[in-house]
Amino acid sequence: MKILFSPSETKIAGGEEISFDKNSFIFPELFEKRMEIVKQYNDFITTASKEELIKLFGTKKEDVLEQYSKDLFKTPTMKVIQRYDGVAFDYLEYAKLKESEKSYIDENVLIFSNLFGVLKAGDKGLPDYKLKQGETFFDLKIEKFYMDNFSKVLDEYLKDEDIIDLRAGFYEKFYKIEKPYTTMKFIKDGKVVSHWAKAYRGIILKLLAKNGIKTIDELMSMEIENLKIEEIKKSKLKTEIVYSIF
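Figured I'd write up the structure that's included with this text. As the structure is a prediction and not an experimental result, all values here were calculated from the model. (Residues numbered from 1 in each chain as written. Predicted model: local features only at pLDDT ≥ 70, side-chain atom pairs only at ≥ 80, totals over all residues. Heavy atoms only, no water.)

Here we come to the pairing of strand 4 (residues 117–120). Alignment of strand 3 (residues 109–113) against strand 4, held across four bridges, turns out to be antiparallel. Within strand 4, the residue paired with Phe 112 across the bridge is Val 118. Two successive antiparallel strands, strand 3 and strand 4, enclose a turn made up of three residues. (Pairing = 2+ DSSP bridges. Helix = DSSP H or I, 4+ residues; strand = E, 2+ residues; numbered from the N terminus.)

What follows deals with the packing of helix 6 (residues 99–108) against helix 8 (residues 195–211). Angle between the axes and distance between the axes are the two parameters that describe a pair of packed helices. Running from amino to carboxyl end, helix 6 crosses helix 8 at an angle of 120 degrees, the nearest separation of the two axes being 8 Å. Taken together, the axes of helix 6 and helix 8 lie oblique to each other. In this structure, helix 6 meets helix 8 at a crossing whose hand is right-handed. Two secondary-structure elements touch here, helix 6 through Glu 101, Tyr 104 and Ile 105 and helix 8 through Leu 205, Leu 208, Ala 209 and Lys 210. (Axes fitted to C-alpha atoms, helices over the stretch in contact; angles between N-to-C directions. Parallel < 35°, antiparallel > 145°, perpendicular 65-115°, else oblique. Left-handed = near helix turned anticlockwise from the far one by under 90°. Contact = heavy atoms within 4.5 Å.)

Take the pattern of salt bridges next. Per the counting criterion, the structure on display carries 15 salt bridges. Across the salt bridge formed by Lys 96 and Glu 93, the nearest N and O atoms sit 3.2 Å from each other. Looking at Glu 93, the relative accessible area reads 31%, which means it is partly exposed. We note a salt bridge from Glu 93 to Lys 206, for which the minimum N-O separation is 2.7 Å. Taken as a pair, Glu 93 in the loop between helix 5 (87–92) and helix 6 and Lys 206 in helix 8 lie far apart in primary sequence, 113 residues in all. Judged by relative accessible area, which is 15%, Lys 206 ranks as buried. (Salt bridge = Lys/Arg side-chain N within 4 Å of Asp/Glu carboxyl O. Buried < 20%, exposed > 50% of the residue type's maximum accessible area, 1.4 Å probe, protein only.)

With the rule as written, the count across this model stands at 23 aromatic pairs. Considering the side-chain rings of Tyr 84 and Phe 89, the 5.5 Å spacing of their centres and the 25 degrees angle between planes classify their relative orientation as stacked. Geometrically, the ring pair formed by Phe 145 and Tyr 146 is edge-to-face, given 5.3 Å between the ring centres and 85 degrees between the ring planes. Tyr 146 shares its class with Phe 145; the two are buried. Here the aromatic cluster, defined as three or more aromatic residues joined through ring pairs, consists of Phe 145, Tyr 146, Phe 150, Phe 170, Tyr 171 and Phe 174. A cation over a ring is seen here: Lys 11 above Tyr 129, with NZ or CZ 4.3 Å from the ring centre. Above the plane of the ring of Phe 112 lies Arg 167, whose end atom (NZ or CZ) is 4.8 Å from the centre. (Phe/Tyr/Trp six-rings, centres within 6.5 Å; stacked < 30°, edge-to-face > 60°. Lys NZ or Arg CZ within 6 Å of the ring centre and 35° of its normal.)

Rendered as structure tokens:
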């Protein structure tokens with residue numbers, strides 16, 4: 001089973017004084033292709049005007065502008081899953097998991113970075129960068145770039161796997177799943193909830209790891225506290241489990 005997951009805008013700073021190379025990320029054969037985007041980002045942040053950085057980073061805070069305009073190839077790196085720090089990752093509580101549960105996450109979760117494209121949670125070598133969802137530089141169409149260049153290898157990688165897609169809808173622009181998969185929707189009082197959707201994605205990912213879930217059938221029999229299945233919708237390749245929060 002593979003679980004597709006969104007990144008978060010907020011990240012943990014610091015890491016090891018080791019730069020990334022072609023062995024740092026999944027699909028090393030596409031490392032140079034990935035670097036086409038990363039190098040252009042690096043060229044932009046190291047030469048951009050203050051106004052351009054403010055637009056890219058979405059802030060006027062001097063310390064943030066300084067932190068994120070440094071050469072990406074000379075900044076500390078860390079494991080992908082440990083870099084991100086948003087709501088879903090707070091509820092995942094990766095640091096508190098057992099080693100076997102961490103290994104489950106490391107091997108089975110794919111995170112779609114706004115800059116680096118698809119990464120394995122256990123990949124080592126992700127620097128602290130800042131690029132909001134949908135933001136760009138040099139007028140690059142980043143999502144389309146990764147869709148065009150990584151879809152074929154992802155199709156092959158996922159062909160024999162059960163897939164749970166826990167990404168926000170935006171990340172379908174990076175990769176469209178071309179085989180049957182399962183996704184989830186969270187509602188409360190009949191309305192879709194945004195914050196709690198992020199939280200429950202993290203909670204469910206933690207439960208998948210704790211229970212060592214390997215198939216969709218095992219997922220369907222897994223009890224989730226404060227959630228109940230309201231409906232299961234099937235449309236072409238997608239099966240959507242609608243959970244009600246109570």
